[in-house]
Amino acid sequence: MPAQPTWSVVPLVSGTSTDTAASFSLSQDGALIRRSILPGGIRVLTEDIPATRSAAIGAWVAVGSRDEAEEHAGSTHFLEHLLFKGTSRRSAYDIAAAFDAVGGEANAATAKNYTCYYARVLDADLPLASAIIMDMVTSSVLDPGEFETERAVILEELSMALDDPSDLVHERFTETVLAGHPLGRPIGGTPETIAALSRDAVAEHYRTTYVPGELVITAAGNINHDDVCEAVLAGARAAGWALDAAAVPAERHDATSAAYAPATKLAIARPIEQAHVILGGRGVANGDPRRFALAVASTILGGGMSSRLFQEIREKRGLAYSTYSFTSGYAEGGLFGAYAACAPAKVGAVVELLRAEVAKLTGEPADDEELGRAIGQICGSFVLGSEDTGARMSRLGLAEIVTGRLLSFEETLERYRSVTAADVQAVAADILAADLSLVLVGPQQACDALLALP
């Protein structure tokens, strides 16, 4: 008789439901979603999609750059680099060669709320990917030589971002709007913090945050939930992790709500040809029900070639090649902004149009055609994106760590489709009616023009 699993079936809706049946969800395309908590508090969420021949797996650590202590600033992103550099059982070359040998893809991402190490392989190669990802997460050696090599690589990465005015203006916009809050810190740290960071500090961050209760494993594709759980447990046991059967997952890191700085103007001079400018301010948190209406508002304002910004700034007046709006959501808050890149002499005209279109969004409702087009664009992109196993794997991880609730595809689409013109106007009025910050990166002429604006 086979051994009984050592994990339990638990609700899919994290922290809000006591109905264990909620752990089984059959989506419209026949995919089965399950969630279990393993000994030690490790969470495993899977979506079995039998029609696929691929599988994606991700190891999520529910700790991001906003969770770092001051002395660890930059450690989260530093670890993203170091975990590919070898374990007690595999060298960096072994890790790379193993994925290459099966045509797989492996990478990682650091965010403000989490870090994720992921791979996408053929379904038959999922055991290999699971073993390697678990080995990296649990047993990195943080070799001193590799540490110094990666320090140099990260400093080059930061320099590359500083040389890209589009990246720089977004980074400075975030720092400006969220000044004083951990969310406002750069994910990768700064050249100064990385240069000062010691291996001991990064190792301490690794020991204290890469623990069972913070680990979430998600997988999607042609997979078996119990097989994934067994592979995860095997990897954790091989690393010598303490797996107390009574342990529970760490509570979600919902720190204090984001504190937004007063509206300001910031101009950063760079010897470049264009001015890159963002007008914006606070947004909404990832769990805020208004996020659906705000996404529609952003799409109407600057979500495509038919959007207001694109039509007014580029098509009608030829003032910019690139212009769009964006939202960024985190557990504690978010951002909303409108971006354009233009010639220095056109900064005043472009900012005037950005302000005018934002004011129009708050002052009058969108017509039915524009609203329907924006909702259709969002829903179409969402469905098309969901046809990738990596996207489905990510959806499970984000629901578990960031929003705290997994919405079905049908419920997600319905949330967007139920947004009304009044909803769009209301959220825009609440978010954008206040004074907004202006951040610019460009030549001195553009900086002077921005600072001279009322």
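Structure report, in brief. Please read these numbers as outputs of a predicted model, since none were measured by experiment.

**Remarks on helix H1 (residues 75–82)**
Counting buried residues in H1 gives 8 out of 8 residues, a clear majority hidden from the surface. The complete set of buried residues in H1 reads Ser75, Thr76, His77, Phe78, Leu79, Glu80, His81 and Leu82. Where H1 is buried, its residues meet strand E6 (105–110), strand E7 (115–122), helix H4 (144–163), helix H6 (191–196) and helix H7 (199–209).

**A word on the packing of helix H11 (residues 347–363) against helix H15 (residues 421–432)**
Contact geometry for H11 and H15: axes closest at 7 Å, N-to-C directions at 130 degrees. One finds that H11 runs oblique with respect to H15. Contacts between H11 and H15 involve Val358, Leu361, Thr362 and Gly363 from the first element and Val424, Gln425, Ala428, Ala429 and Leu432 from the second. Of the residues belonging to the contact of H11 with H15, the class tally is 6 nonpolar, 3 polar and no charged.

**Thoughts on unusual backbone geometry**
Positive phi, normally seen in glycine, also occurs at Leu142, with a value near 50 degrees. In this structure, Leu142 sits in the loop between helix H3 (126–139) and H4.

**Focus: H11**
The end-to-end C-alpha distance of H11, which contains 17 residues, comes to 24 Å, matching closely the 24 Å that a straight helix rising 1.5 Å per residue would cover. Those residues of H11 not exposed but buried are Val347, Val350, Val351, Leu353, Leu354, Glu357, Val358, Leu361 and Thr362.

**What to know about the environment of Arg392**
For Arg392, the position within the fold is in helix H13 (residues 389–403). Put simply, Arg392 and Thr264 are 128 residues apart on the chain and 39 Å apart in space, counted from C-alpha to C-alpha.

**Focus: the pairing of strand E3 (residues 32–37)**
Of all the 6 residues making up E3, 5 are buried; the element is thus mostly covered by neighbouring parts of the structure. Pairing analysis gives 6 bridges linking E3 to strand E4 (residues 43–48), with the strands arranged antiparallel. Its bridge partner lying in E4, Leu32 is registered against Asp48. Following E3, the chain reverses through 5 residues before pairing antiparallel with E4; Gly40 in that reversal takes a positive phi of roughly 90 degrees.

**Some words on the sheet that holds strand E9 (residues 265–269)**
An order of E9-E13-E10-E12-E11 is seen for the 5 strands of this open sheet, with the pairing classed as mixed. Both outer strands of the open sheet, E9 and strand E11 (320–329), are each paired with one neighbouring strand and no more. Across this sheet, the average inter-strand angle for adjacent strands is 15 degrees, counted without regard to direction. Direction of pairing for E9 relative to strand E13 (residues 437–442): parallel, over a ladder of 5 bridges. Bridging across to E13, Lys265 finds its partner in Leu438. Taken strand by strand, helix H16 (residues 444–452) contacts E9, strand E10 (275–282) and E13, and its axis lies near 170 degrees from that of E9.

**Thoughts on the packing of aromatic side chains**
Ring pairs (aromatic) are described by centroid distance and by the angle formed between their planes. Counted by the stated rule, this structure contains 10 aromatic pairs. Where Phe173 meets Phe326, the ring centres are 5.9 Å apart and the plane angle is 85 degrees; that geometry is what we call edge-to-face. Taken as a pair, Phe173 in helix H5 (residues 165–177) and Phe326 in strand E11 lie far apart in primary sequence, 153 residues in all. Phe173 gets classed as buried once you look at its relative accessible area, which sits at 0%. Residue Phe326 is classed as buried on the basis of its relative accessible area of 13%. Measuring from ring centre to ring centre gives 5.1 Å for Tyr206 and Tyr210, while their planes differ by 50 degrees; the resulting arrangement is tilted. Under the relative-accessibility criterion, Tyr206 is labelled buried at 9%. Residue class for Tyr210 comes out buried when judged on its relative accessible area of 7%.

**Concerning the nonpolar core**
Of all hydrophobic cores here, the largest spans 50 residues; its most connected members are Val277 and Val296. Broken down by element, the residue count for this core peaks at 8 residues, all from helix H9 (residues 291–302). Here Val296 is in contact with Leu371, Ala374, Ile375, Ile378, Tyr416, Val419 and Val424, once residues within four sequence places are set aside. Among the nonpolar cores identified, the runner-up in size contains 47 residues, and Ile42, Val137, Val228 and Leu233 belong to it.

Definitions and limits used
- Residues numbered from 1 in each chain as written.
- Predicted model: local features only at pLDDT ≥ 70, side-chain atom pairs only at ≥ 80, totals over all residues.
- Heavy atoms only, no water.
- Buried < 20%, exposed > 50% of the residue type's maximum accessible area, 1.4 Å probe, protein only.
- Helix = DSSP H or I, 4+ residues; strand = E, 2+ residues; numbered from the N terminus.
- Contact = heavy atoms within 4.5 Å.
- Axes fitted to C-alpha atoms, helices over the stretch in contact; angles between N-to-C directions.
- Parallel < 35°, antiparallel > 145°, perpendicular 65-115°, else oblique.
- Nonpolar A, V, L, I, M, F, W, Y, C, P; charged D, E, K, R; others polar.
- Expected span 1.5 Å × (residues − 1).
- Pairing = 2+ DSSP bridges.
- Phe/Tyr/Trp six-rings, centres within 6.5 Å; stacked < 30°, edge-to-face > 60°.
- Core = buried A, V, L, I, M, F, W, Y, C linked by side-chain atoms within 4.5 Å.

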